[in-house]
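# Structural description and commentary
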Amino acid sequence: MLTISVISATVAIITGVLSGPEFYTSIAREFPGTAVVVFVAVLRSVHEVFSVLSLGMLAVVLMFTSRTARPGWSHTSVTARGLLRAFSAVWATAALLLTVIDGLNTNGMTLAALNDPRQLGFALTGTFYPAAWLIVAVAAFIVFAVSLLAESWVAHALSLWIGMITILAPVVISQVLVGPHHDLGEDAAIIQTPLAAVVFGLLAAGVLLELVHPHCGALGRMARSKLMWAGISVIACADLVISVFKLAGTPLLDSTTGWQLLIRWAGLAVIVIAMLAAASVKARTGAGPGDARAASARSDSARSGAARVGVLVGVTTWAAMTASMVIVPSPNYFAPNSTVAVFLGYTVDTAPDPLVLLTHWRINLLLTAVAVAAMTAYGLGVDRLRRRGDSWPVIRTICWATGWIITIVLMGSGLGKYSPADFGIHMIVHMTLNMLIPAFLVGGGPITLLLRATTGSGRLGQQVHSRVNQLINWPGLRLLLHPLFVFFVYVASYYALYLTPLFGDLIRYHWGHQLMNVHFLIVGYMFFSLVIGVDKLPIELPHIGRLGYVIAAMPFHAFFGIVLMMTNTPVAQNFYRTLDLPWLDIAAEQYFAGGIAWAGGELPLLGVVIVLAVQWTKQDKRDARRFDRHEDTGMTDEFSAYNHMLRKLAERDTVVVADNEPDAAANSAAGNASLSADAGPETAAITPAGSGNSAARSPAQEGRNEREQ
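Let us now look at the side chain of Thr257. By the secondary structure assignment, Thr257 is in helix H12 (residues 256-279). We classify Thr257 as buried; its relative accessible area is 1%. Apart from residues no more than four positions distant in its own chain, Thr257 is found in contact with Lys246, Val328, Pro329, Ser330 and Pro331.

Spelled out as structure tokens, the structure:
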């Protein structure tokens, strides 16, 4: 690890020193001095290496955790957790130092600014980079704290999710935010960065674990995983988009960035070759002569060693080029651009009439990739059920596919293209993402499908099934899906976003627009999962409660729409004035957006009420049929209560009979004695037994008759 870090840092330092002040002045930035450049190069390299190692080792901990209720860590997990503590501590330290050093670098200040509180304050607030690195440092510290203190699988899974999201903070504000078509470049970087960190981190972690535990076979198992190969494919496709965007039409070898991209591709190719070598090791086992087995073992050992070296070389190359790439401005900085394209990544010169909205398409790469991945995973789950002989409702598949197809069309058509520039169209898009699409998605029942598809599907399927159940039963999820919390977030999101300066700050950046899209989609899914969702949730409302839940949300949307229509100051007017689009009437679009929020918020909720009424009716019919079946088989609660009452009566009669047996026996003996004196010895010998049995049976017989009735 020290060697990897030194190599990566050395490459970054050489790149920064050789670049000199010219690269800073070319993008109107002051040169901060060689010392700051060297520090930034070292810390950036450490961040790239140890963020990958930390997230990869965290994923390994999740893979190798025992499936028992109590953690019961295996030897491999103990080693992984120990390495995770060290890696995350280094990562957190580097990110925290970058909060200050990169602030100096991006503001053109030397190390002498550390002695002046005013200059230091400006360095920490002059750009977004200090805040971004502070977010990363907090996430890295959370990973370190979890590895040190937590034992639950859910805590490790959440820390992995936090780490994957937060490492995007310094990426989305860097080179991919500048130049023509930066919307595509930024979406590709958002997809690639967390995926590359986990995939390459898993491979590097597998090498380290095999060095400590030679027989664990971690690297070989990862190299044979279809998910890993799918991840490699997505990383390569995203890197192709990023490369085309950064080169901005310039030849590949005419810029430093082009050489860096070429070398990074070479590192990815080395990783692919190493994975192929690692995947082929297991296939060389089998019976045979002793010499043949020994030769096969030596060959496998050589392949394993070459695969490990190849993985480490490839990961080192990728990290070194990624760290050094941010030091040198890429050609997309200098490509000709317009004011509108500076903010949007593209131009919108034509007024958005219905024909334009239908014909002017521009793909939203992030949400399209999410939609395709979601539909593919869902289809694989349904196919697994059918191959196993199980059925899955077709209507659920239709709902899931419909929701994601609407997402692709909405964000790729003129509606999605014009939504950043036109507030009225923006409101149409966000109301659809928040109300219409989630209503279809929750009808697909993805969690139920996942649980059914992973039932009885081998060790991996059982592990996934167990982990999903753990996540569903996690107390934190119960809080996140609590009806009161979901209702508050669902309603307050519109007021907090559009009636405060927050919307004006986010709409200026492509990552801010995508953040709003994802937020409304997730919050809408949470709301409608409580109302018409088919998945089992920690807290489920009765049907009458769901109806009241929906009706309670309607006035808030109506009031929000009225507020927008009556507000004199347009939302984010400085941004829309900066765009200076000749066809845009800011005040009219604000009024139109208020009407959309009013009517568009009511109509989908009314549709949900209809769906809820249909579900309620079907549920009542199912309950009635189930009650009839149970009543026929004697399994209803009323029938059980009646039988319980009869048993109590029988037990009471038995107690009464037992208490009266001595008196009855004495009276019977006296009567029999007198009878025997009159009737003779034969009658005296027979009558007592017969009389006693008759007296003993009569109460019990009455109890049996009552039970039969």
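Moving on to the pattern of salt bridges. Throughout the structure, instances matching the rule amount to seven salt bridges. A salt bridge links Asp102 to Arg44; the nearest nitrogen and oxygen atoms lie 3.7 Å apart. Here Arg44 lies in helix H3 (residues 34-64) and Asp102 lies in helix H4 (residues 75-106), a separation of 58 residues in the sequence. When sorted by exposure, Asp102 lands in the same class as Arg44, which is buried. The partner of Glu151 in a salt bridge is Arg81, and the shortest N-O contact between them spans 3.6 Å. Of the two residues, Glu151 is situated in the loop between helix H6 (129-149) and helix H7 (153-166) and Arg81 in helix H4; the sequence distance between them amounts to 70 residues.

Another point: unusual backbone geometry. A positive phi is found at Ala28, a non-glycine position, where the angle reads about 60 degrees. Topologically, Ala28 is positioned in the loop between helix H2 (21-25) and H3. In this structure Ala28 comes out as exposed when scored by relative accessible area, which is 77%.

On the surface, a cluster of nonpolar side chains totalling about 330 Å² of accessible area is made up of Leu96, Leu134, Val138 and Ile142. The element best represented in the nonpolar patch is H6, accounting for three residues. Note on placement: Val138 falls in helix H6.

The rules behind these values
Residues numbered from 1 in each chain as written. Predicted model: local features only at pLDDT ≥ 70, side-chain atom pairs only at ≥ 80, totals over all residues. Heavy atoms only, no water. Helix = DSSP H or I, 4+ residues; strand = E, 2+ residues; numbered from the N terminus. Buried < 20%, exposed > 50% of the residue type's maximum accessible area, 1.4 Å probe, protein only. Contact = heavy atoms within 4.5 Å. Salt bridge = Lys/Arg side-chain N within 4 Å of Asp/Glu carboxyl O. Patch = residues over 30% accessible without salt bridge, like charges linked within 9 Å, V, L, I, M, F, W, Y side chains within 5 Å. Areas by Shrake-Rupley, 256 points an atom, 1.4 Å probe, with all protein chains shown as cover.

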